[in-house]
Amino acid sequence: NSTLITVVDRIFPIVNVTFNNTNPAINDPINISANATDETGLLFINITYNMSGILRYANYSVSGTTASIWNTTTVDCSGCLINYTVYATDTSNNVKQNSTLIQVRDTVVPVVNVSINNTAPTIGDWLNISANATDEVGLIYVNITWNMSNIIRHANYSVSGKTASIWNNTQL
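### Focus: the sheet that holds strand β6 (residues 81-90)
- The sheet built from 4 strands is open, its strands ordered β4-β3-β6-β7 with antiparallel pairing. Two strands close off the open sheet at either side, each with one partner strand: β4 (54-61) and β7 (95-103). Between one strand axis and the next, the sheet turns by 15° as a mean value, whatever way the strands run.
- As defined by bridge partners, strand β3 (residues 42-51) adjoins β6 across 8 bridges and the pair is classed as antiparallel. Each bridged residue has a counterpart across the sheet, and for Tyr49 the counterpart in β6 is Tyr84.

Shown next as structure tokens:
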């Protein structure tokens, strides 16, 4: 007479993740390294990351009770937030995840186009200045600064969004 005892593995793998760069700028590489362990055995390690609204995957088949994987990604967005998640799956389909958010520095300067209605004004003329500004992350302020008779003058505008158009009329 024998008794069969089945032991169910309910222990999740352990996942440790490191990054070489947690403050990247556009075009910087990010190297991710993941180490996983499990008392009975590993099956898969997956890296999922969302950059620029595109979900990307790196999938690895592994074996044994320990495994290490790595991946290099080049940042293709400025000022964006990248969500990295590493999943480790053991041979009993227990899954453990480790998520990390990385904020990419905004290093791309806004683009500004300026036009002036009169490049040779005389006293009493009106000078009309208009500007269009764009930024892939977003604008907060647009400022016009001019020097008239050795007096520095400013026109400051609070704006929002990725594009803004402003103008100023000054009589000389």
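Still to come is the rest of the account.
### A closer look at the environment of Ala133
- Mapped onto the secondary structure, Ala133 falls in strand β9 (residues 126-134).
- With 67 residues separating them along the chain, Ala133 and Thr66 place their C-alpha atoms 53 Å apart.
- Every residue in contact with Ala133, bar those within four places of it in the chain, is listed here: Val111, Val112, Leu139, Val142, Lys162, Thr163 and Ala164.

### Re the pattern of salt bridges
- Counted by the stated rule, this structure contains 2 salt bridges.
- Measuring nitrogen to oxygen at the nearest pair gives 3.7 Å for the salt bridge that ties Arg105 to Asp28. Taken together, the residues Arg105 in the loop between β7 and β8 (111-116) and Asp28 in the loop between β1 (14-19) and β2 (29-37) connect sequence positions 77 residues apart.
- Of the residues examined, Asp28 reaches a relative accessible area of 21% and is grouped as partly exposed.
- The partner of Arg56 in a salt bridge is Asp76, and the shortest N-O contact between them spans 3.0 Å. Taken together, the residues span a long stretch of sequence, with Arg56 in strand β4 and Asp76 in the loop between β5 (66-74) and β6 at a distance of 20 residues.
- Residue Asp76 is classed as partly exposed on the basis of its relative accessible area of 39%.

### Topic: the nonpolar core
- Counting 25 residues, the largest nonpolar core has Ile47, Ile82, Tyr84 and Val86 as the members making the most contacts within it.
- Where this core is concerned, the elements lending two or more residues are β1, β2, β3, β5 and β6.
- With 5 residues, β3 is the largest single contributor of residues to this core.
- In this structure Val86 touches Val15, Val17, Ile32, Ala34, Ile45, Asn46, Ile47, Lys96, Gln97 and Asn98, once residues within four positions along its chain are discounted.
- Core analysis: the next-biggest nonpolar cluster, separate from the first, contains 13 residues, Ala131, Leu139, Trp146 and Ala164 among them.

How each quantity is defined
Residues numbered from 1 in each chain as written. Predicted model: local features only at pLDDT ≥ 70, side-chain atom pairs only at ≥ 80, totals over all residues. Heavy atoms only, no water. Pairing = 2+ DSSP bridges. Helix = DSSP H or I, 4+ residues; strand = E, 2+ residues; numbered from the N terminus. Axes fitted to C-alpha atoms, helices over the stretch in contact; angles between N-to-C directions. Contact = heavy atoms within 4.5 Å. Salt bridge = Lys/Arg side-chain N within 4 Å of Asp/Glu carboxyl O. Buried < 20%, exposed > 50% of the residue type's maximum accessible area, 1.4 Å probe, protein only. Core = buried A, V, L, I, M, F, W, Y, C linked by side-chain atoms within 4.5 Å.

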